[in-house]
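# Breakdown of the fold
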Amino acid sequence: MRHFLQGVIAQNVDGRVEYLRAAEGGGFRHLWQLTDGSHEVTNFFAAFTGSGTVHPTITGWSPWAAVAGPEAGSALAVARNADGRLEVYLRAVDGTLHHAWQTSAGAAFGGWHGLGGPWPGRPAVIANADGRLEIFMLGEDRHLYHNWQVTPNAALGGWRQHSGPWAQGAEPVVGQNADGRLALVILGDDGMLHTAAQIAPNGDFGPWQQLGGPWPVASRPAFGRNADGRLEIFVRGEDRHLYHTWQVVAGGEFGGWQGLGGPWPGNPAVVSNADGRLEVYMLGEDANLYHAWQGTPCGDFGPWTGLAGPWSPDADPVVARNADGRLEVFVWGQDRALYHLWQGASGGGYGLPQAFPGG
């Protein structure tokens, strides 16, 4: 039941990070920062130097909270409305899609509302440049469908067929260009990855660019965005090595693939440091966590460095950037507890992992 441990990250409008995961038995569980995360800096130096008491990790974070709902059949998706309210999308075990949202920014979640189905895979959701949420799903006919808010914060307008057919079991991944135009990547039934972007912010999508391959269906691509605005795609190949490709110019077409080593058993998590340098995280075959980062903004990646472990192989890492620019990565322990590690300063080193009680 891998999807119960595969978390997603959201950032509240005030910068507080929130972690959410599907719950066994229905709905989801979540926890969130009660402050901007600055309490973690004290924890970092105490743990890193051994010269102080490490504050309990729960300080500055809420306890786990449950939101009742349908039992999930895949990992969740979450996005933030224009007015700051988080909105969660859950595909149930019967394939129907449901969503629930905070009643006001940072507040509790309300009830669930159905969005039809059945759908065979995981949802992808993102905010358009004007703040309207847009969701993408692969249908049972292997065509891609999308649905968007008519106006920011409003109801969704209804499903429309986007393109296809795509590979059986493929799941769309969505990112955003520097100018606000949404970008999609999905696996074709030819085994190749394909990408397309909106012609103008908030508008229709243009033609597809084939990105080569073949790639395994189980590999989930991840978008990053460079300091100069160029999107970069990371994906695990059939040889279990990690590869990346990037736009030649911001908003333009992608070039060829380059390798980043391996083998890796899972999928990457990618984030930008406060100075714009991309950083990527992977779980190794030894179940330890590794990361690599650009030496300079838009530059080459350095060698892989181990962080800690071993961790549960049942979920890929997820990563967030705190309001003060420090990166924070979340992984599941073999004891089935959620752990997190964070930079002591923006762009700096990491302290020791700490666990969240319960889960």
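Fair warning: this is a prediction, and the values are worked out from it, not measured in the lab. (Residues numbered from 1 in each chain as written. Predicted model: local features only at pLDDT ≥ 70, side-chain atom pairs only at ≥ 80, totals over all residues. Heavy atoms only, no water.)

On to the layout of surface pockets. Estimates place the volume of the second largest pocket at around 250 Å³. As for the second largest pocket, its lining consists of 18 residues, of which Ala-196, Ala-197, Pro-207, Gly-251 and Gly-252 are closest to the centre. In terms of residue count, the dominant contributor to the lining of the second largest pocket is strand β15 (residues 193-197) (3 residues). Taken together, the residues that form the lining of the second largest pocket break down as 8 nonpolar, 8 polar and 2 charged. (1 Å grid on protein atoms, 1.4 Å probe; cavity = no way out; pocket = protein on both sides within 12 Å on 5 of 7 lines; lining within 4 Å. Points joined across faces, edges and corners; volume = space filled by probe spheres on them. Helix = DSSP H or I, 4+ residues; strand = E, 2+ residues; numbered from the N terminus. Nonpolar A, V, L, I, M, F, W, Y, C, P; charged D, E, K, R; others polar.)

Here the focus is the side chain of Ser-163. Position of Ser-163 among the secondary structure elements: in strand β12 (residues 160-163). A distance of 2.9 Å separates a polar atom in the side chain of Ser-163 from a polar atom in the side chain of His-162. Ser-163 has contacts with His-143, Leu-144 and Trp-208, leaving out every residue within four places of it along the chain. (Polar contact = N/O pair within 3.5 Å; in protein donor to acceptor, adjacent residues only side chain to side chain. Contact = heavy atoms within 4.5 Å.)

Moving on, we come to the environment of Asp-335. Relative to the elements of secondary structure, Asp-335 occurs in the loop between β26 (327-332) and β27 (338-342). In this structure, the C-alpha to C-alpha distance between Asp-335 and Ser-312, residues 23 residues apart in sequence, is 8.0 Å. Polar side-chain contacts of Asp-335 include one of 3.1 Å to the backbone nitrogen of Ala-337. A distance of 2.7 Å separates the side chain of Asp-335 from the side chain of Tyr-339, its partner in a polar contact.

Let us now look at the sheet that holds strand β7 (residues 97-101). Taking strand neighbours across the sheet as the criterion, the 4 strands line up as β5-β6-β7-β8 in an open arrangement whose pairing is antiparallel. At either margin of the open sheet sits one strand with a lone partner, and together these are β5 (77-80) and β8 (113-114). Two elements, β7 and β8, share 2 bridges in a ladder whose sense is antiparallel. Along β8, the bridge assignment pairs His-99 with His-113. (Pairing = 2+ DSSP bridges.)

With respect to topology, 4 strands assemble into an open sheet ordered β25-β26-β27-β28, the strand pairing being antiparallel. Each edge of the sheet is formed by a strand with only one pairing partner; in this case those strands are β25 (318-321) and β28 (354-355). Alignment of β25 against β26, held across 4 bridges, turns out to be antiparallel. Note on β26: the bridge partner recorded for Arg-321 is Leu-327.

Moving on, we come to the pattern of salt bridges. Under the definition given, this model contains 12 salt bridges. Among the salt bridges present, the one from Arg-21 reaches Glu-24, with a minimum N-O distance of 3.2 Å. Judged by its relative accessible area of 4%, Arg-21 is buried. Between Arg-240 and Glu-285 there is a salt bridge, and its shortest N-O distance comes to 2.2 Å. Note that Arg-240 is positioned in the loop between β18 (231-236) and β19 (242-246) and Glu-285 in the loop between β22 (278-283) and β23 (289-293), a separation of 45 residues in sequence. On the accessibility criterion, Arg-240 (31% relative accessible area) is partly exposed. (Salt bridge = Lys/Arg side-chain N within 4 Å of Asp/Glu carboxyl O. Buried < 20%, exposed > 50% of the residue type's maximum accessible area, 1.4 Å probe, protein only.)

Right, let's talk about the nonpolar core for a bit. Formed by 26 residues in total, the largest nonpolar core has its most connected members in Phe-136, Val-174, Val-185, Leu-193 and Phe-223. For this core, the secondary-structure elements that each account for two or more residues are β9 (124-127), β10 (133-138), β13 (173-176), β14 (182-187), β15 and β18. With 6 residues, the top contributor of residues to this core is β14. With residues up to four places along the chain from it excluded, the contact list for Val-185 reads Glu-171, Pro-172, Val-173, Leu-193, His-194, Thr-195, Leu-211, Pro-221, Phe-223 and Ile-233. (Core = buried A, V, L, I, M, F, W, Y, C linked by side-chain atoms within 4.5 Å.)

Here we come to the packing of aromatic side chains. Scanning the entire structure with this criterion turns up 18 aromatic pairs. Pairing Phe-28 with Phe-109 gives two aromatic rings, centres 5.3 Å apart and planes at 85°, and the pair type is edge-to-face. Taken together, the residues Phe-28 in strand β3 (residues 28-32) and Phe-109 in the loop between β7 and β8 connect sequence positions 81 residues apart. For Phe-28, a relative accessible area of 1% translates into the label buried. Residue class for Phe-109 comes out buried when judged on its relative accessible area of 13%. An angle of 65° between the planes, with centres 5.8 Å apart, marks the rings of Trp-119 and Tyr-145 as edge-to-face. (Phe/Tyr/Trp six-rings, centres within 6.5 Å; stacked < 30°, edge-to-face > 60°.)

Right, let's talk about the environment of Gly-344 for a bit. By the element assignment, Gly-344 lies in the loop between β27 and β28. The buried category is assigned to Gly-344, whose relative accessible area is 5%. For Gly-344 and Asp-275, which are 69 residues apart along the polypeptide, the C-alpha to C-alpha distance reads 15 Å.

A word on the pairing of β13. Here β13 runs beside β14; their pairing, made up of 4 bridges, is antiparallel. If you follow Gly-175 over to β14, its bridge partner there is Ala-183. Counting the residues between successive antiparallel strands, the hairpin from β13 to β14 contains 5 residues, one of them, Gly-180, with a positive phi of roughly 95°.

Attention shifts here to the confidence of the model for the chain. On average, residues of the chain score 93 in pLDDT, and 93% of them are at 70 or above. For residues 41-58, every residue scores under 50 in pLDDT, and the model assigns this stretch 36 contacts once sequence neighbours within four places are set aside. (pLDDT = per-residue confidence, 0-100.)

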